[in-house]
Amino acid sequence: MFDSGATLDPSDWDSLRTQSHRMLDDMLDYVSQIRQRPVWQPTPEEVEQFFTSSLPVAPQSLQATHASFMQNVVPYAIGNSHPGFMGWVHGGGSVVGMLAEMLAAGLNSNLGGRDRIPIQVEQQVVRWMQQLFGFPESASGLFVTGSSLANLIGLLVARTSNIGTEIRALGLQQVREQLVAYTSCDAHSCLERAMEIAGMGRNQLRMIAVNERHQMNLLILQETIVADRAAGRTPFCVIGTAGTVNVGAIDDLRGIAEIASRERLWFHVDGACGALGMMSTKIATKLQGIQQADSIALDFHKWGQVQYDAGFVLVRDSQLHQDTFSSPADYLRRETRGMAAGSPLPCDFGPDLSRSFKALKVWFTMQVYGIDRLARMMEQTCELAEYLANCIERSSELELLAPVTLNIVCFRYRCEDADRVNANIVVSIQESGIAAPSSTIVDGQFAIRAAIFNHRTSQLEIDNLLGASLRFGRSISQESQFKA
Ligand SMILES: *Cc1c(COP(=O)(O)O)cnc(C)c1O
């Protein structure tokens, strides 16, 4: 009566095994030979077309599906694994993380709760993060997709700390206080989005001006808090940034901690870019004050080189964290014995119920490389940024647009009509496949932006970027002179 062929397991495990090994080998080839590829190439029309075929009804062999992946997907990825990739803030990934992902997929654990040992792996990473950031053993931590969500969780716990858990039932409409949060004007846009999603509204996020080093101006912060209180509003949270996305600046976290403590505000740190620098004693000196945060958002998938996605939030007061999210439900009943034992569970600390085993790739990465080697890798990205900045300062044709604190360098080619020419330079370099910088605006000026997060990047790629910036700069600015 029942069709024994209905299972999705293969009927022939041996041929599946052969095909699996081929797939693994192809990915190892891809990573080991990545330097021989262009960083990025535009997708041809026929490849775009390939992905418009309709709902597949009949089966297709794994072999054929893998072949089309190799042909139509692999060559047209964004290129962040490539050492020449310096756009936005992207990690390069590692083979260790890749293999760990495979193992996690094999287990197919749901980390919302129950499976005890996978959850213990996640809890061990939480303890490692407590140690790294000098947090107490009672602090809680949770893997999430990325810092966008980790920052949202930080803000929500901050809100609970200020107005209590009644907000969960009442909703903001019935709360009289107008809650106000503070961050710098260089902070990541996901913080505004977090205020929107939380229903507090982005207008209630004060974007404090920065000093010449792109750090939040603490005098203005203090004045703004005073003004908000005088106007009857309720300041509840201040968000410092450890590594701004634009230029890699680090706020004066100690100074912010002091103000937050004096004003009884929650101190959250957006450490997506830079918090993991705590692994290096050299970089840690720039991050002092982060240990005093009430909550920290960070991304293992950026500087930590762990495969996407691997965001994380650490919260000092685990009770408040749990009170912000946990919900009793009949079908999620906790027991003291059996498979439903163990409380609180990860699903009590965030919006997700079903969760993947993200912790495993982080656990593997930290075990296999060790903190010392990861620290050295991060230090090297900073040294390369310093090298790039020095080359720019020595060149009469290039100009540095912001001081370099960590691993992000913003610069431009000096010429007439510089904004237009430099925008053109960035696109030309990207299309050439030589390197992949991105762009931003620094103090109103268009900047070529190199964010050196990839562990594979070496001096060669920095020299290539410099060479290409000069070459395209000269030709594009000359062209526009002739036209004028
Ligand atoms: C990347 C980044 C974010 C957002 O993190 P995601 O992991 O992309 O969600 C937030 N803040 C800063 C400073 C970032 O660099």
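Residues numbered from 1 in each chain as written. Predicted model: local features only at pLDDT ≥ 70, side-chain atom pairs only at ≥ 80, totals over all residues. Heavy atoms only, no water.

Caption draft 1: Representation of the overall build of the protein within the structure. For the protein, the count of helices and strands is 15 helices and 12 strands. Taken over C-alpha atoms, the radius of gyration comes to 25 Å for the protein, in line with the 23 Å a tight globule of 484 residues would show. Counting only residues that meet the buried cut, the protein has 51% of its 484 residues in that class. When contacts within the protein are restricted to residue pairs at least 6 apart in sequence, long-range pairs at least 24 apart make up 74% of them. When the 40 positive and 51 negative side-chain charges of the protein are each reduced to one mean point, those points stand 3 Å apart. (Helix = DSSP H or I, 4+ residues; strand = E, 2+ residues; numbered from the N terminus. Rg over C-alpha atoms; globule rule 2.2 N^0.38 Å. Buried < 20%, exposed > 50% of the residue type's maximum accessible area, 1.4 Å probe, protein only. Contact = heavy atoms within 4.5 Å. Lys, Arg positive; Asp, Glu negative; His and termini not counted. Charge placed at Lys NZ, Arg CZ, Asp CG, Glu CD.)

Caption draft 2: Main features of the packing of aromatic side chains. Counted according to the given criterion, the structure contains seven aromatic pairs. Judged by centre distance (6.3 Å) and plane angle (35°), the ring pair of Phe85 and Trp88 falls under tilted. Trp88 sits in the partly exposed class, given a relative accessible area of 43%. A cation sits over an aromatic face here: Arg316 above Phe135, 4.3 Å from the ring centre. (Phe/Tyr/Trp six-rings, centres within 6.5 Å; stacked < 30°, edge-to-face > 60°. Lys NZ or Arg CZ within 6 Å of the ring centre and 35° of its normal.)

Caption draft 3: Expanded view of the side chain of Ser140. Tracing the backbone through its elements, the reader meets Ser140 in strand S2 (residues 140-144). Judged by relative accessible area, Ser140 falls into the buried class, the value being 6%. Of the polar contacts made by the side chain of Ser140, one reaches the side chain of His321; its length is 2.8 Å. Discounting residues that sit within four places of it in the chain, Ser140 has contacts with Val126, Val313, Leu314, Val315, Ser318, His321 and Phe349. (Polar contact = N/O pair within 3.5 Å; in protein donor to acceptor, adjacent residues only side chain to side chain.)

Caption draft 4: Just the sheet that holds strand S8 (residues 311-315), in detail. Overall, mixed pairing links the seven strands, which are arranged S2-S8-S7-S6-S5-S3-S4 in an open sheet. Among the strands making up the open sheet, the edge pair consists of S2 and strand S4 (205-208). Recorded for the sheet is a direction-independent mean angle of 20° between the axes of neighbouring strands. Bridge analysis of strand S5 (residues 234-241) against strand S6 (residues 266-271) gives five bridges, and the strand direction is parallel. Within the sheet, the bridge partner assigned to Thr241 lies in S6 and is Asp270. (Pairing = 2+ DSSP bridges. Axes fitted to C-alpha atoms, helices over the stretch in contact; angles between N-to-C directions.)

Caption draft 5: Structural view of the side chain of His268. Structurally, the position occupied by His268 is in strand S6. Given the relative accessible area of 1%, His268 is considered buried. Residue contacts for His268: discarding those within four places in its chain leaves Ala150, Asn151, Gly154, Cys237, Val238, Ile239, Gly240, Ser295, Ile296 and Ala297.

Caption draft 6: Broad picture of the sheet that holds strand S10 (residues 408-413). Taken together, the five strands give an open sheet; going across it, the order is S1-S11-S12-S10-S9, and neighbouring strands pair in mixed fashion. Strands at the two margins of the open sheet, each flanked by one partner only, are strand S1 (85-86) and strand S9 (398-400). Bridging between strand S11 (residues 436-442) and strand S12 (residues 445-451) involves five bridges; their strand directions are antiparallel. When the sheet's bridge partners are listed, Ser439 is paired in S12 with Ile448. The strands touched by helix H14 (residues 418-432) are S10, S11 and S12; relative to S12, the strand with the most contacts, the crossing angle is about 25°.

Caption draft 7: The site of the ligand, seen in detail. Lining the immediate environment of the ligand, one finds Gly146, Ser147, Ser148, His188, Cys190, Gly243, Asp270, Ala272, Cys273, Asp299, His301 and Lys302. The contact in question runs from an oxygen atom of the ligand to an N or O atom on the side chain of Ser148, over 2.6 Å. Lys302 places a side-chain nitrogen or oxygen 3.0 Å from an oxygen atom of the ligand. Expressed as a share of its isolated accessible area of 380 Å², the protein-covered part of the ligand is 86%. (Near = heavy atom within 4 Å. Areas by Shrake-Rupley, 256 points an atom, 1.4 Å probe, with all protein chains shown as cover.)

Caption draft 8: Representation of the environment of Ile225 in the model. Along the chain, the position of Ile225 falls in helix H9 (residues 218-230). Exposure remark for Ile225: the relative accessible area of 0% places this residue in the buried category. For Ile225, the residues in contact, after removing those within four places along its chain, are Tyr182, Pro235, Ile259, Glu263 and Leu265.

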